[in-house]
Amino acid sequence: FFVCLWGHARGLFFFLASASSFSSCSLSFIYKASDESDTVGTLQDDDDLTVAVAANEIGVGLLLARWEETNGGASDIHVTFTAPAAAAGGFRDLASLSSTIINAFAADFLYSVGASQISAMGIKVFLVNGANAGNLTFQWAQNVANANATKMLKGSTLIYMRLA
């Protein structure tokens, strides 16, 4: 066994792995530097929360995000991840008690709030990439287009660990 340790200004992370299972591992922290707004209601790539992935890569990710709904609970937010063609895996909300994983990066998940407020989300991601290099990208949008913007807030972070 070996232990991968990574230090970061926001804490220390570690991972224990069998040397025969993982030839290398690396950790990326992608930090959202400013607020981003959406009024359109169509899923779009987040301006910051994306990470490059190699062909045949296996990785796990954790999105810790803050968002603001400014339309009295009418707009909400839907989210998904995109991955290179032929990638397997999926994502799931950390708060969900269900064992269901939204699979193959093809569906989106709706977060709802009752009134205008700042909310948080946590999503775990698992990726088994195929032969195509590309990006693992967080996408989001208002659930219902509205002139009052839904915002993904500064400080939202994607933590991604390449396992193999």
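Remember, predicted model here, so these are calculated numbers, not experimental data.

Conventions adopted
- Residues numbered from 1 in each chain as written.
- Predicted model: local features only at pLDDT ≥ 70, side-chain atom pairs only at ≥ 80, totals over all residues.
- Heavy atoms only, no water.
- Core = buried A, V, L, I, M, F, W, Y, C linked by side-chain atoms within 4.5 Å.
- Buried < 20%, exposed > 50% of the residue type's maximum accessible area, 1.4 Å probe, protein only.
- Helix = DSSP H or I, 4+ residues; strand = E, 2+ residues; numbered from the N terminus.
- Pairing = 2+ DSSP bridges.
- Axes fitted to C-alpha atoms, helices over the stretch in contact; angles between N-to-C directions.
- pLDDT = per-residue confidence, 0-100.
- Contact = heavy atoms within 4.5 Å.

With 25 residues, the main nonpolar core has Leu63, Phe81, Met121, Ile123 and Phe138 as its most contacted residues. For this core, the secondary structure elements donating two or more residues are strand 5 (44-53), strand 6 (58-69), strand 7 (77-82), strand 11 (117-128), strand 12 (134-142) and strand 14 (157-162). Of all the elements, strand 11 adds the most residues to this core, at four residues.

As a further point, take the pairing of strand 11. Of the strand pairs in this sheet, strand 6 and strand 11 are connected by 12 bridges, and their pairing is antiparallel. Bridging from a neighbouring strand, Ala65 pairs with Met121 of strand 11. Judged from the six bridges that link them, strand 8 (residues 88-93) and strand 11 form a sheet pairing that is antiparallel. Bridging from a neighbouring strand, Phe91 pairs with Val125 of strand 11.

This part is about the sheet that holds strand 5. Read from one edge to the other, the open sheet built from four strands follows the order 5-12-7-10, with strand pairing classed as antiparallel. Whereas interior strands pair on both sides, the edge strands pair on one side only; in this sheet they are strand 5 and strand 10 (109-111). The average undirected angle you get between the axes of adjacent strands in this sheet is 20°. Direction of pairing for strand 7 relative to strand 10: antiparallel, over a ladder of three bridges.

Turning our attention to the confidence of the model for the chain. Looking at the chain, pLDDT values average 80 and 75% of them are 70 or higher. Across the chain, element-level confidence peaks in strand 5 with a mean pLDDT of 96 and bottoms out in strand 2 (residues 11-17) with 46. Between residues 5-22, whose pLDDT stays under 50, and residues either more than four places distant or in other chains, the model counts 39 contacts.

On to the pairing of strand 7. The buried fraction of strand 7 amounts to five of the six residues, a majority that puts the element mostly inside the structure. When strand 7 meets strand 12, the two strands line up antiparallel, connected through six bridges. When the sheet's bridge partners are listed, Thr82 is paired in strand 12 with Thr137.

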